Amino acid sequence: MSRVRIDELIAPGIAAIRPYEPGKPIEEVERELGPALPAGGVIKLASNENPLGPSPKAMEAVRIALAEVNRYPDGGTFSLRRALAASYAAHNVREEEIAVGNGSNEILDLLVRTFCGPGDEVLAPAQTFACYKLSAQARGVAYRDVPRGPDYAYDLDALARAAGSRTKIVFLANPDNPTGVYANVDAVRGLMRRLPDSVILAVDEAYFDYVTAEDYPDMLALRKERELTVALRTFSKIYGLAGLRCGWAVGPADLIAYLDRVRNPFNVSALAQAAAVAALGDGEHVERSRTLNREGMGVMTMELQRRGIRFVPSQGNFLLLDVAPRTGIEVFAALLQRGVIVRPVSSYGMPHHLRVTIGTPEENQRLLAALSAVLGVK
Ligand SMILES: Cc1ncc(COP(=O)(O)O)c(C=O)c1O
């Protein structure tokens, strides 16, 4: 029996998609290493997760919510939106201005699904977070990226100039992943002023809570200076809830209402909602996580410098290392043999780079020792 070739059925754009490469799970690497497993086990510094774990308050909330998972979750995420509005009352965030998603990833995808059709275009800086492009491609929407300045610095003038009559959404990760660079308040204001009014500016602030730069803009405040501006945040990073999947966005209420029409009815699990509400109320855990990252970043940058390993200064919880003339893949594989999982970024057009997450002090030392051994530096 002959069968239609599946690639003849595929919707436009899908065939060109290169699947997102997630960080390797610890269990998989442990299995692969088998008897060669190092004494300290396997550590994962590949997905910019919180090495401290989730807030104890969030874990307790999940335990309680578990007893009711026979019920569907609150499809309107009422308690979480109320808690978010209360937490950000200083910025006048209203409940109807908040969208909650299965990770912020779902929300950026929803933005594309809701607002882009054939002939529209999504625009973003080159070599930025892969999911903007993936979402555009999955909808058959054109994706265009705009070159950066030296040392991966954002060129927001170029981004503003590139926006044309087809541009529907501009994505800006601030700070950026995988480079760790950020755009300062003047640069973002310039972009907001210069983008055509009809363009949705989506500023992805997944790493907001790690930023130390004083001229970093908070989009919950700045969004009031421009109509079609959306800020995206997540519980996956400093809140330590990546495995539960919960992110949120703040934007004009009418725009948010359209996302609500398109999303799946129960897109955020009951456990994720309960954990997120509790995590929001655990400022101590956030503060501890922030301090751990700041100290770890200080140690890592000093030790990398001492070893002559180049890196891009970062405002996130990760660093982009330049391991030239070695390839990122080669060094990634060698680190894996030593039980350290990091992230090669060749798919971002960076064949000689690796992204490493800041871990606990012990994890950072393991990484440094492994890097020294693999790169032959002291
Ligand atoms: C810039 C950026 N945006 C969004 C996300 C996705 O986060 P979430 O887990 O909320 O989907 C990530 C995750 O790595 C990220 O780096």
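Residues numbered from 1 in each chain as written. Predicted model: local features only at pLDDT ≥ 70, side-chain atom pairs only at ≥ 80, totals over all residues. Heavy atoms only, no water.

### Topic: the sheet that holds strand S6 (residues 200-204)
Inclusion rule: DSSP bridges decide pairing: two strands pair if at least two such bridges lie between them. Labels follow the DSSP assignment, with helices taken as runs of H or I lasting at least four residues and strands as runs of E lasting at least two, numbered in each case from the N terminus. Axis lines are fitted through C-alpha atoms, for helices just across the contact stretch, and the angle between N-to-C directions can take any value from 0 to 180 degrees. It only takes one pair of heavy atoms within 4.5 Å for two residues to be counted as in contact.
Ordered in space as S2-S8-S7-S6-S5-S3-S4, the 7 strands form an open sheet in which the pairing is mixed. Each end of this open sheet is capped by a strand with a single partner; those strands are strand S2 (98-101) and strand S4 (142-146). Neighbouring strand axes in the sheet, compared pairwise and without regard to direction, differ in orientation by 20° on average. Relative to S4, strand S3 (residues 121-125) is paired through 5 bridges, and the arrangement is parallel. Residue pairing for S4: Ala124 is matched across the bridge by Asp145. Here helix H4 (residues 78-87) sits on the sheet in contact with S2 and strand S8 (247-250), set at roughly 125° to S2. The strands touched by helix H6 (residues 131-138) are S3, S4, strand S5 (167-173) and S6; relative to S4, the strand with the most contacts, the crossing angle is about 155°.

### Observations concerning the environment of Asn317
This is how it is decided: Here a polar contact is taken to be a pair of N or O atoms separated by no more than 3.5 Å, where protein atoms must pair a possible hydrogen donor with a possible acceptor and residues adjacent in sequence count only if both atoms sit in side chains.
Considering the arrangement of structural elements, one finds Asn317 in the loop between strand S9 (310-312) and strand S10 (318-322). C-alpha of Asn317 to C-alpha of Tyr207: the two residues are 110 residues apart in sequence and 7.4 Å apart in space. If we ignore the near neighbours within four places in the chain, the residues touching Asn317 are Asn48, Glu49, Tyr207, Tyr210, Asn293, Thr357 and Ile358. Among the polar contacts made by the side chain of Asn317, one reaches the main-chain carbonyl oxygen of Asn48 at a distance of 3.1 Å.

### Some points on the packing of H4 against helix H11 (residues 270-280)
What counts here: Our angle categories are set so that under 35 degrees counts as roughly parallel, over 145 as roughly antiparallel, 65 to 115 as roughly perpendicular, and the remainder as oblique. Less than a right angle of anticlockwise turn of the near helix away from the far helix marks a crossing as left-handed, whereas a clockwise turn marks it as right-handed. Residues are grouped as follows: Ala, Val, Leu, Ile, Met, Phe, Trp, Tyr, Cys and Pro are nonpolar; Asp, Glu, Lys and Arg are charged; every other residue, Gly included, is polar.
One can describe the packing of H4 onto H11 by two numbers: an axis separation of 9 Å at closest approach and a directional angle of 20°. When the interaxial angle is binned, H4 and H11 end up roughly parallel. Considering only the axes of H4 and H11, their crossing is left-handed. Contacts between H4 and H11 involve Ser79, Leu80, Ala83, Leu84 and Ser87 from the former and Gln273, Ala276, Val277 and Leu280 from the latter. Considering only residue class, the contact of H4 with H11 consists of 6 nonpolar, 3 polar and no charged.

### Digging into the site of the ligand
Counted only if it meets this: One heavy atom within 4 Å of a molecule or strand is enough for the residue carrying it to be called near that molecule or strand. Here the open area of atoms and residues is found with the Shrake-Rupley method and a 1.4 Å probe, where only the protein chains shown may cover a residue.
The ligand sits among Gly103, Ser104, Asn105, Phe129, Asn177, Asp204, Ala206, Tyr207, Thr234, Ser236, Lys237 and Arg245. Between the ligand and Tyr207, the relevant distance is 2.7 Å, taken from an oxygen atom to a side-chain nitrogen or oxygen of the residue. A distance of 2.5 Å separates an oxygen atom of the ligand from a polar atom in the side chain of Thr234. Within the complex, the protein chains bury 93% of what would otherwise be the 400 Å² of accessible surface of the ligand. For the shell around the ligand, a count of residues per class yields 3 nonpolar, 6 polar and 3 charged.

### Some remarks on the side chain of Arg81
Formally: In this scheme, a residue with accessible area under 20% of its type's maximum is buried, one over 50% is exposed, and one in between is partly exposed, where area comes from a 1.4 Å probe on protein chains only. Positive charge is attributed to Lys and Arg, negative charge to Asp and Glu, and no charge count is given to His or to the chain ends. A side-chain nitrogen of Lys or Arg and a carboxyl oxygen of Asp or Glu constitute a salt bridge if their distance falls within 4 Å.
Of note, Arg81 is situated in helix H4. There is no salt bridge for the buried Arg81, and the closest opposite charge comes from Glu95, which lies 5.1 Å off by N-O distance. Ignoring any residue separated from it by four or fewer positions in sequence, one finds Arg81 in contact with Gly76, Glu95, Glu96, Ile98 and Val100.

### Focus: the packing of aromatic side chains
For clarity, the cut-off: To pair, rings of Phe, Tyr and Trp, with the six-membered ring standing in for Trp, must have centres within 6.5 Å; the planes then decide the type, stacked if under 30 degrees apart, edge-to-face if over 60, and tilted in the middle.
The tally for this structure, following the rule as stated, stands at 8 aromatic pairs. A centroid spacing of 4.6 Å and a plane angle of 20° characterise the contact between Tyr72 and Phe266, whose relative ring orientation is stacked. In this pair, Tyr72 sits in the loop between helix H3 (56-66) and H4 while Phe266 sits in the loop between helix H10 (253-262) and H11, placing the two residues 194 residues apart along the sequence. Of the residues examined, Tyr72 reaches a relative accessible area of 67% and is grouped as exposed. The class for Phe266 is partly exposed, based on a relative accessible area of 42%. With a centroid separation of 4.5 Å and 5° between ring planes, the pair formed by Tyr132 and Phe171 is classed as stacked.

### With respect to the sheet that holds strand S13 (residues 353-357)
The antiparallel open sheet is built from 4 strands, whose spatial order is S9-S10-S13-S12. Either end of the sheet is taken by a strand with one partner, and the two such strands are S9 and strand S12 (343-344). Pairing analysis gives 3 bridges linking S9 to S10, with the strands arranged antiparallel. Opposite Phe311, over in S10, you have Leu321 as the bridge partner. Against the sheet, helix H12 (residues 283-307) makes contact with S9 and S10, and its axis sits at roughly 10° relative to S10, the strand it touches most. Contacting S12 and S13, helix H13 (residues 328-337) runs over the sheet at an angle of about 40° to S13.

Limitation: the analysis is restricted to geometry and does not speak to function.
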